[in-house]
Structures are given as C-alpha cells and as structure tokens.
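Overview (structure and organization)
So you can see what is in the structure, the chains are spelled out below.
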Amino acid sequence: MNIVIMGPPGAGKGTQASVIAGKIDAKHLSSGDLLREAVASGSDLGKSVKKVMDSGALVSDDLMIDLIMDVVMKLVADSKGFLLDGFPRTLVQAEALNEKFADAGVQIDKVINLDVKSETIVQRLSGRRVCTKCKSVYHVDSLPPKVKGICDNDGEELIIRSDDQEAVIRQRLKIYDDSTFPILDFYSKSQEVFQVSGELQMDEVTGKILEALS
Ligand SMILES: [Zn+2]
C-alpha cells in the first residue's frame, strides 16, 4: 500500500508514520531521512544533494522528486509499499510528483491528513524545554524536570529553542495551512482524503490511522 501522510509540524506525523510503516510492512520515507541517506550513500544523486546542502540552498523540487522516485522504484521492484512523510509540501510538488508516479505506473492508495488544532500544537511545542549541554528534551506539562527550569542530568538551566517560540510556531502553522489546503484539495479530486484527529493519545491516533487504511 502506498500512502501519503500529511499533518502540521508538531502533529506527531513522523512518529505515526514510523509506527504505521512497521505495522503494514511499508517503508517510511521521510524527506529529511531521504536527503541524509542519499548523501551518506555517496551516489551521484547523493553528491548532487550534498552540493546543494553545502551551499546552504534548499534542495529543489526536481531533485527531491528524483530522490523519491529512486527509492520508490526499488520498492516497487520488491513489491513493497511506502509511506511518504514530509513531502509534498506544496501544490506544485504534489502535481509534479503525481506526474512522475503516473508515468511510472505508481499509485497513491491513501492520503491521510492528521488534523490537530493550532492551539494544541502551540501548547505542545511552546512547552518544550531543552538542555543545551546534554540535549535532553522536557515539556512543562507532559515531561517536566524535577526542578522547574533545571536539567535533571546536569543541573544546567533549560532553554526554549528559537523554533519553539510561540510566534515562530504560529508563523510555521500559518505557512503550513496556506500550502496544505491546496494539496488536500488536489488529492481529493482523485481519491478520498482521510481526516484523522491527531488530538488523541499517540496509540489511539495510530489505531484511527490503521482503521482508515483497512
Ligand atoms: Zn542536561
């Protein structure tokens, strides 16, 4: 089964994708991992990716799609499915990917959208505290340190990463919303898009996704 999983940053998409992939014997294709693996492999594609990343530029849609197609065609040859996470992020990417898939006879069987309210995500992410020394991650509500603001391991003062500042989170969510709506609209023209609430406990969300896939 070939699946695209969508969801805002902080929705737990990566975690869900990885759990689901294990349960349905599909490969979890996260755009970040694909880039890292390509570079590590030293292949021609990997060398192109490395050149772009070293220059500080963003990897182009074409290059990202080439990377995905490279892995997907190997999976197809092995009769294995995939679960695409973190791509497409824009309508242009979704259309380009669909064209490549159509040419190669690859079909997306299900599109899952993990639906989480902005307020929930802001609360989840803005409560995050990290230790710069040992990199431990805490959360003021769900995983507090023994002493407020202090790392359990080394007594270091905990900080809020700049990515986790509320204004930054809200900006990222807005960008996500603006770009995602057209993608879901695009997919819904050719297939059903399954809305799964990401507000529940992690294992409950997994259960809902598996239900949608069955
Ligand atoms: Zn620490």
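The notes below deal with the structure included here. Remember, it's a predicted structure, so these values are computed and weren't measured experimentally.

On to the overall build of the protein. When helices and strands are tallied, the protein shows eight helices and seven strands. Taking 17 Å as the expected radius of gyration for a compact globule of 214 residues, we find that the protein reaches 19 Å, a close match to that expectation. Summarising its shape, the C-alpha atoms of the protein cover approximately 55 × 40 × 30 Å along the three principal directions. The contacts in the protein between residues at least 6 apart in sequence include a share of 69% that link residues at least 24 apart. Carbon and sulfur atoms form 52% of the exposed surface of the protein, whose accessible area is close to 11800 Å². Where the 26 positive side-chain charges of the protein centre and where its 33 negative ones centre are 4 Å apart.

In total, this model carries two aromatic pairs according to the counting rule given. On the basis of an interplanar angle of 50 degrees and a centroid distance of 5.7 Å, the ring pair of F82 and F101 is categorised as tilted. Taken together, the residues span a long stretch of sequence, with F82 in strand 3 (residues 81-85) and F101 in helix 5 (residues 91-104) at a distance of 19 residues. Classification of F82 by relative accessible area gives buried; the value is 1%. Here the aromatic rings of F186 and Y187 are separated by 5.5 Å at their centres, their planes lie at 50 degrees, and the arrangement is tilted.

Moving on to the coordination of the zinc ion. Protein coordination of the zinc ion is provided by C131 (SG), C134 (SG), C151 (SG), D154 (OD) and D154 (OD), with donor distances spanning 2.3 to 2.5 Å. Mapped onto the sequence, the donors of the zinc ion take the spacing C-x2-C-x16-C-x2-D.

Two numbers describe how helix 6 (residues 118-126) lies on helix 7 (residues 166-190): the axes approach to 10 Å, and their chain directions differ by 140 degrees. With respect to helix 7, the axis of helix 6 lies oblique. Crossing of helix 6 against helix 7: the hand is right-handed. Residues S118, E119, I121, V122, L125 and S126 of helix 6 form the contact with helix 7, whose participating residues are E166, I169, R170, L173 and D177.

Evaluation of the coordinates by the stated rule reveals twelve salt bridges. For D85, the salt bridge is made with K13, and the minimal N-O distance between the two is 2.9 Å. Placement of the pair is D85 in strand 3 and K13 in helix 1 (residues 13-24), with a sequence separation of 72 residues. Ionic pairing is found between R170 and E119, a salt bridge with its closest N-O pair at 3.1 Å. One end of the pair, R170, is in helix 7; the other, E119, is in helix 6, and 51 residues separate them in sequence.

This part is about the sheet that holds strand 1 (residues 2-6). Here five strands make up an open sheet; going across it, the order is 2-3-1-4-7 and the pairing parallel. The sheet is open, and its two borders are formed by strand 2 (26-30) and strand 7 (193-197), each paired with just one other strand. Taking the axes of each pair of neighbouring strands and ignoring which way they run, one obtains an average angle of 20 degrees across the sheet. Here strand 1 pairs with strand 3 via four bridges, running parallel. Paired with I5 across the strands is D85, a residue of strand 3. Running at roughly 150 degrees to strand 1, helix 7 makes contact with strand 1, strand 4 (110-115) and strand 7 of the sheet.

Now for helix 2 (residues 31-41). When we look at burial in helix 2, the residues that qualify are S31, L34, L35 and A38. For helix 2, the angular spread of buried residues about the axis comes to 100 degrees, placing them on one side. Along helix 2, exposed side chains directed more than 90 degrees from the buried face belong to R36 and A40. Packing partners of the buried residues in helix 2 comprise strand 2, helix 3 (44-54), helix 4 (61-77) and strand 3. Of the residues one or two after helix 2, G42 is the one with positive phi, at around 70 degrees.

Before going further, it helps to spend a moment on the side chain of N113. Relative to the helices and strands, N113 resides in strand 4. The contact partners of N113, leaving out residues within four places of it in the chain, are M6, G7, Y176, L184, V193, F194, Q195 and V196.

Rules and cut-offs
- Residues numbered from 1 in each chain as written.
- Predicted model: local features only at pLDDT ≥ 70, side-chain atom pairs only at ≥ 80, totals over all residues.
- Heavy atoms only, no water.
- Helix = DSSP H or I, 4+ residues; strand = E, 2+ residues; numbered from the N terminus.
- Rg over C-alpha atoms; globule rule 2.2 N^0.38 Å.
- Contact = heavy atoms within 4.5 Å.
- Areas by Shrake-Rupley, 256 points an atom, 1.4 Å probe, with all protein chains shown as cover.
- Lys, Arg positive; Asp, Glu negative; His and termini not counted.
- Charge placed at Lys NZ, Arg CZ, Asp CG, Glu CD.
- Phe/Tyr/Trp six-rings, centres within 6.5 Å; stacked < 30°, edge-to-face > 60°.
- Buried < 20%, exposed > 50% of the residue type's maximum accessible area, 1.4 Å probe, protein only.
- Donors = N, O, S within 2.8 Å, 3.2 Å for Na, K, Ca; no water.
- Axes fitted to C-alpha atoms, helices over the stretch in contact; angles between N-to-C directions.
- Parallel < 35°, antiparallel > 145°, perpendicular 65-115°, else oblique.
- Left-handed = near helix turned anticlockwise from the far one by under 90°.
- Salt bridge = Lys/Arg side-chain N within 4 Å of Asp/Glu carboxyl O.
- Pairing = 2+ DSSP bridges.
- Arc of directions from axis to C-beta.

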